[in-house]
Structure formats: structure tokens, C-alpha cells
Amino acid sequence: MIFEPILTRQQYFTCLVISLSVLLVFIDVAQFWYLSEILLPLFFGYASNESTPWLALFAKYVAGPIAMPLGALLFGTIGDRHGRKVTLRISCLGVAILTLLIGTLPTRSVLSDAAPIVLTSLRFFQGLFAGVMLPTCLVFITEHFPTKRLGIGSGIILSSAISGLLIVSIYLNTLINTLTIAEIMSYGWRILYCISGTVTLMLFFAIDRLKETPVFQRHHQPTTPPTFDDAAINAISLNDSISDNLNIETKNRVDSQTAPICQKLGRQLRIFGFSFLPNTMPSLILSVIIASLIIFIPILLLPLIEIGFFVSPVVSRFGGMIGMLFMMIGCVFFGVMADLHNVGRVLMIGSTFLIVNAVFFVYHLQSGGGFILVFFALLGFFSGLIGAIPSVIVRLFPTKIRLKGVTLSYALSYASLAITLPIAIRYLSLYIAFVPVLYVMFIGLVTLFVSFYVYYLPRTQADINR
């Protein structure tokens, strides 16, 4: 069937605002990781206090990610009850304020021993708000788009996330090439924090112009005639049995004013068991694939390659930027393919090429790496297969708990990987040079395995009519 990329003006505007939101939030959060070698000495110093190095490690690896599941549970519940737009606004405003606070925060020379505590606290609350942004944007855009356009909508959102990491990487290289170390330590690191925080704050007002998702409106106002295309994403799960159980629970629920607490708790547990648990494991695995490639390819791969292989830092950094650029292209490409073909088949083919390319990537590095930029581009492009995954995750959960399910899956996956993966992979790379590429191959194999499950997922009537 010929792909028809025609959307309404409101859908184009929604996609633009949501994409910018994801881009800016990834810039806001990623800066600390890229600038950690500058920020940690400024705020933690070299005090004789034995707890300072541990606090620095906590601020870098743990403070932000550990807050993400808490934020996902809190804001995901709010979004399922009061609307996706409410969660989107809260997340955007919180990230903007905290980013500006970090960018204007006095260093240890002014705040003394309070500086590391304040910075760590700001990182924690930034993770609380930022962790819910990407999954909320994915749910928001897919509930606005027709079913036949879920893939391209998801691909554009993930491409925007990678573009935020690319901008931070370019910014860091610009600082290194234009400013002295003293200038960077004095004010250079603050520039992007203040710019991105201000723009994120301005974007908060643009979010006010967005409309609540039609799927959420129809679910909470079932008596109102639908005012959107019938091809929009179903307001129920792909699994009909789950939807039936949800309907039964909704019809049989007792009045909240008179029902005993045990009945309320029992009803919530039944809804949780029918709706959330059966889809948690597939959603977590798919979220791990997304989080792994977002963390590993743009952030961790370059320093690990420089440790294990004789590659020029200039070439590796430029190759990393090429890889991120092609990863952005790959996200959109695989998202479009998910709209045209069965998502399981798309993931099957994409993961196979990712594994094969990882093998050739290692072989080429051992052979001298004359065409390393080409292999960076290929590795980035096939890592873009993550663009096809969100269109599956958002439909694993019914509308009633969709945002909470998606945000918790992503937050738990990202938090666990962000805390353990950098330390574990870096440690193993000291003994086995091939660990970075072996990990990419492992993720490819997991994706290949999961693709068979995705291939046989129940399909909606709109999917069948493609």
C-alpha cells in the first residue's frame, strides 16, 4: 500500500512542539553527563572528606536515574486521570526551572560544602521530572496520530531525542576548540544550561496551545461522539481479553463514597492484574532495547573505543557525531517501515543487520579503521530500529493505564541501565576490548528474539486493513 504522509495542520503543529520538547529535555539532562569532567571538580572539589568521591559518583550516575521510576509512577498516574497534556506541562516546567537553577548555581568556592549537596538534589529532582517526558511525548503523539502513522510519529520523537544528544556533543567540542580551560570552568559550561533552560521554559507556553489527545477525551467522555479520524489508535489494548476485563471492572465498580476500603483495594488490584502485569515484561524488554541504544551508542561507545583500540580522538568524536546523525535518520526510516509492514518483521531485519554490522565494525577496527566513519554511520543507522518499537509499546496498555504503564516501563529500564551499564561496561573493557561491540550484538540478539513475539501480537482492525 502506498504510504500517505498527509496529516492535519493541528497534527503537524503537535508533532513540532512535542519533538522540540523531547530535544530540549535531552539537552537539559545530557549536559551533566557530557560536562561531568568539568562540573565534578567545580562542585565537589578535592576535599579530604572521604564521602565526597562517593557523593560525586552518586550525582553523576545515580541521582537523576533513581528518581525516574518515582516520577513515572507519580506523573503517569496524574496523566491517566487528568490528561496527557497535564503531565507534559508539569514535566516541561519542572525540567526548565531545574536546568536554569543548575546553570546559575554557585560553585564550591562560594557554597563550600553545601555545593555538592545542592547539585545532587537538583539532579535528583531533574530526573524526577525529565524521566517522564519521553514516554509521555510518545503516548501524546501516538494518541493524536492515525493508526497508520504511529511509526513515523514515534520515529520522529526518538530522532529528536538523539538530536539533543548530538547538539550537546557539538557544543562540547566547540567549547574545547574555542575557549581556554579557565574560561570553560568559569562560564563556558553555563552557556548551554541557561539557553536550553530558557527555551524549555518558553516551550511550556507553546504546550498550552496543544489539544488533549482525542483517545483520552473519548475514554473519559464515552457519551460524546468521536470528533477525530476513526483510524486513530484504539482506546483499548491490543489484547481483547484485557479490555473485556477492564470493561467489567468499570461497569461493576462501586461508589467511591460508600465502598469499603477493602473493596476499593481489591478492585484496583484486579484492574492492575488484568491490565498491567500481562504486558509488563514485553514492555520492559522493548524499553530496555530503546534505553540501551540511546545510552550506549551516543554516550558510552566513543570513550570505550578509545580505551580498547588505537583510534584518534578526533576521528572517534567525529565518527560519533556521524553515528548520531545516521541514528536520527534510522529512527525515522524504521518508523516509516513499521507503518508499511509488520513491526515484528521490521525489527527482525533491522536487528539482523545491526548484529552483522557490529561484527564488521570490530573487524574493521582491528584492520586499521580506514573506513571507520562509514561503519559509524551504518552502526548508527541500524541502531535507529528503536524508532519502530514505541508504536508497539503504547498499544500494549489500555487507555486507562497507558501512560503509567509506558512511563514505568521506560523509567525502570533507563534507571537500571543508566546506573549499572556505564560502570560495568567500562570495567569489563579494561580486560576485553570487544565488550562495547559485544554488548551491541547482545542487544541485537534480544531484539531479534523479541521480534517473533511482536510479529504474532494481536492486531487491530485498522492494522489488518493496511
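For the structure itself, look to the data block above.
First things first, this report covers the structure right here in the doc. Not measured: the values here are computed from a predicted model.

Some thoughts on the overall build of the protein chain
Assigned secondary structure in the protein chain consists of 20 helices and zero strands. Buried positions account for 56% of the 466 residues belonging to the protein chain. Partitioning the contacts of the protein chain with sequence separation of at least 6, the portion at a separation of at least 24 is 86%. Here the protein chain has roughly 20,400 Å² of accessible surface; of this, 69% comes from carbon and sulfur atoms.

Regarding the packing of aromatic side chains
Applying the stated criterion across every chain, the model contains 16 aromatic pairs. Ring centres of Phe 333 and Phe 334 lie 5.3 Å apart, and the angle between their planes is 85 degrees; this geometry places the pair in the edge-to-face category. Taking the relative accessible area as the measure of exposure, Phe 334 reaches 5% and is therefore buried. Exposure remark for Phe 333: the relative accessible area of 37% places this residue in the partly exposed category. Grouping aromatic residues by their ring pairs yields a cluster made of Phe 333, Phe 334, Phe 353, Phe 381 and Phe 382. Directly above the aromatic system of Trp 33 lies the positively charged group of Lys 60, at a separation of 4.9 Å from the ring centroid.

So, the side chain of Ser 409
With respect to the helices and strands, the residue Ser 409 is situated in helix 18 (residues 402–429). A relative accessible area of 1% means that Ser 409 is categorised as buried. At 2.7 Å, the side chain of Ser 409 forms a polar contact with the side chain of Ser 283. Not counting chain neighbours up to four residues away, the residues in contact with Ser 409 comprise Ser 283, Leu 284, Ser 287 and Phe 397.

Some details on the pattern of salt bridges
Note on pairing: side chains with opposite charge can pair once their charged atoms come close. Under the definition given, this model contains five salt bridges. Residue Arg 84 is joined to Glu 143 by a salt bridge in which the shortest nitrogen-to-oxygen separation is 2.9 Å. Of the two residues, Arg 84 is situated in helix 4 (residues 84–103) and Glu 143 in helix 7 (residues 133–144); the sequence distance between them amounts to 59 residues. Residue classification places Glu 143 among the buried residues on the basis of a relative accessible area of 0%. Asp 113 is paired through a salt bridge with Arg 108; the nearest N and O atoms lie 2.8 Å apart. A relative accessible area of 52% places Asp 113 in the exposed class. Here the salt bridges do not stand alone but share partners, grouping Asp 80, Arg 84, Glu 143 and Arg 402 into one network.

Examining the packing of helix 2 (residues 36–44) against helix 9 (residues 181–207)
Where helix 2 contacts helix 9, the two axes come as close as 11 Å, and the packing angle between them is 120 degrees. As the angle between them shows, helix 2 and helix 9 are arranged oblique. Crossing of helix 2 over helix 9 shows left-handed handedness. Residues Ile 38, Leu 39, Leu 42 and Phe 43 of helix 2 pack against Ile 184, Met 185, Trp 189 and Tyr 193 of helix 9. Per-class residue counts for the contact of helix 2 with helix 9 are eight nonpolar, no polar and no charged.

Examining helix 2
Judged by how many residues are buried, helix 2 sits mostly within the fold: seven of nine residues are covered. Among all positions of helix 2, only Ser 36, Ile 38, Leu 39, Leu 40, Leu 42, Phe 43 and Phe 44 are buried. Gly 45, located one to two residues past helix 2, shows a positive phi value of around 60 degrees.

Some words on the packing of helix 1 (residues 9–34) against helix 6 (residues 114–130)
Put simply, helix 1 and helix 6 touch, their axes get as near as 11 Å, and they point 150 degrees apart. By the angle between their directions, the pair helix 1 and helix 6 is classed as roughly antiparallel. Judged by the twist between their axes, the crossing of helix 1 over helix 6 is left-handed. Mapping the contact onto sequence places Val 25, Asp 28, Val 29 and Phe 32 in helix 1 and Leu 119, Arg 123, Gln 126 and Ala 130 in helix 6. Across the contact of helix 1 with helix 6, the residue classes tally to five nonpolar, one polar and two charged.

Concerning the environment of Leu 73
Of note, Leu 73 is situated in helix 3 (residues 51–82). Along the primary structure Leu 73 and Val 132 are separated by 59 residues, whereas in three dimensions their C-alpha atoms are 9.1 Å apart.

Comments concerning unusual backbone geometry
Here the phi dihedral of Ser 112 falls at roughly 60 degrees; this positive angle occurs in a residue that is not glycine. By secondary structure assignment, the location of Ser 112 is in the loop between helix 5 (108–111) and helix 6.

Let's talk about a nonpolar patch on the surface
A contiguous nonpolar surface patch, about 660 Å² in accessible area, is contributed by Tyr 427, Leu 428, Leu 430, Tyr 431, Ile 432 and Leu 438. Structurally, Leu 438 can be placed in helix 19 (residues 435–455). Classification of Leu 438 by relative accessible area gives partly exposed; the value is 46%.

Brief notes about the state of the cysteines
Inspection of every chain in the model, using the stated rule, returns zero disulfides. Counting only cysteine sulfurs, Cys 137 is the nearest neighbor of Cys 92, a cysteine outside any disulfide, at a range of 8.6 Å. With a relative accessible area of 1%, Cys 92 lands in the buried category.

The rules behind the values
Residues numbered from 1 in each chain as written. Predicted model: local features only at pLDDT ≥ 70, side-chain atom pairs only at ≥ 80, totals over all residues. Heavy atoms only, no water. Helix = DSSP H or I, 4+ residues; strand = E, 2+ residues; numbered from the N terminus. Buried < 20%, exposed > 50% of the residue type's maximum accessible area, 1.4 Å probe, protein only. Contact = heavy atoms within 4.5 Å. Areas by Shrake-Rupley, 256 points an atom, 1.4 Å probe, with all protein chains shown as cover. Phe/Tyr/Trp six-rings, centres within 6.5 Å; stacked < 30°, edge-to-face > 60°. Lys NZ or Arg CZ within 6 Å of the ring centre and 35° of its normal. Polar contact = N/O pair within 3.5 Å; in protein donor to acceptor, adjacent residues only side chain to side chain. Salt bridge = Lys/Arg side-chain N within 4 Å of Asp/Glu carboxyl O. Axes fitted to C-alpha atoms, helices over the stretch in contact; angles between N-to-C directions. Parallel < 35°, antiparallel > 145°, perpendicular 65-115°, else oblique. Left-handed = near helix turned anticlockwise from the far one by under 90°. Nonpolar A, V, L, I, M, F, W, Y, C, P; charged D, E, K, R; others polar. Patch = residues over 30% accessible without salt bridge, like charges linked within 9 Å, V, L, I, M, F, W, Y side chains within 5 Å. Disulfide = S-S within 2.5 Å.

Such coordinate-based values are descriptive only and should not be taken to indicate function.
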